[in-house]
Amino acid sequence: MAMQLPSGRGKGRRTPMAEINVTPLVDVMLVLLIIFMVTAPLLTTGVPVNLPDSRAKGLDQEQEPVQLSLSADGSIYLGDEPVSEQALPEKLAQIAGSQPPGADPRQVLLRADRALDYGRVMRVMGELNRAGLNRVALVSTQGDAS
C-alpha cells in the first residue's frame, strides 16, 4: 500500500498524516519524573529499624548528620556500613576528630529498634559522649505516643 504525497491535483482529498504525536509521550514522562522525585528521598534509609512513635516535631538540619543505627538483632551500623561494638569507639573518634576547630559539633541521628534493651542503647550513647559527639537526636516515627 503506497502513501499518497501531497500534490497539486486532488486538493480536496485528505492525505495521511506522517507526523508522530509526542504529546502523550511527554505527559507520561512528566508523570514518571514526578513519581521519581517524590520517592527518591524515601530511599535514603539503608538499615531497616522498627522505630518507636513520638509526638515531637522534626529538626532543621544545617549540615549532614552522622547516622548511627541499631537493628533489632543488636547490630550497629554507621551510615549503611556495619561496625562491630569493639571498633565503634575508634570510628566515632575519627568522626569527632575530622571536624575543623571551632566548628559546631556534628549532629548524630541515633536510630534504635524499639525491641532493643535500654542498656544497649545507653552503651552506644555513652560511646558517643566519650568521643565528644554530644549533639545526639533519637529518631522516631511521628505518630500517637500513647
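Residues numbered from 1 in each chain as written. Predicted model: local features only at pLDDT ≥ 70, side-chain atom pairs only at ≥ 80, totals over all residues. Heavy atoms only, no water.

Mind showing me how you'd approach the sheet that holds strand β5 (residues 107-112) here?
Strand pairing in a sheet is mediated by backbone hydrogen bonds. Such pairs are either parallel or antiparallel. Strands sit in the order β4-β3-β2-β5-β6 across an open sheet of five strands; the sheet is mixed. Either end of the sheet is taken by a strand with one partner, and the two such strands are β4 (81-83) and β6 (135-138). Neighbour to neighbour, the strand axes of the sheet diverge by 30 degrees on average, direction disregarded. Summarising the sheet, β5 and β6 pair through four bridges and their orientation is parallel. By the bridge assignment for β6, Val-108 is matched with Val-136. (Pairing = 2+ DSSP bridges. Helix = DSSP H or I, 4+ residues; strand = E, 2+ residues; numbered from the N terminus. Axes fitted to C-alpha atoms, helices over the stretch in contact; angles between N-to-C directions.)

Please explain the pattern of salt bridges as it appears in this structure.
If you walk through the whole model with that rule in mind, you get four salt bridges. A salt bridge links Arg-120 to Glu-85; its shortest N-O distance comes to 2.7 Å. Here the residue Arg-120 occupies a position in helix α3 (residues 118-131), and Glu-85 occupies one in the loop between β4 and α2 (88-97), the gap between them amounting to 35 residues. Arg-120 sits in the buried class, given a relative accessible area of 15%. (Salt bridge = Lys/Arg side-chain N within 4 Å of Asp/Glu carboxyl O. Buried < 20%, exposed > 50% of the residue type's maximum accessible area, 1.4 Å probe, protein only.)

How should I be thinking about the nonpolar core in this particular structure?
One broad rule of soluble globular proteins: the nonpolar side chains tend to lie buried together. Membership of the largest hydrophobic core comes to 19 residues, with the highest contact counts inside it found for Leu-68, Leu-70, Leu-88, Val-124 and Leu-133. Where this core is concerned, the elements lending two or more residues are β2 (66-70), β3 (76-78), α2, β5 and α3. In this structure Leu-88 touches Leu-68, Ile-76, Val-83, Val-124 and Glu-127, once residues within four positions along its chain are discounted. (Core = buried A, V, L, I, M, F, W, Y, C linked by side-chain atoms within 4.5 Å. Contact = heavy atoms within 4.5 Å.)

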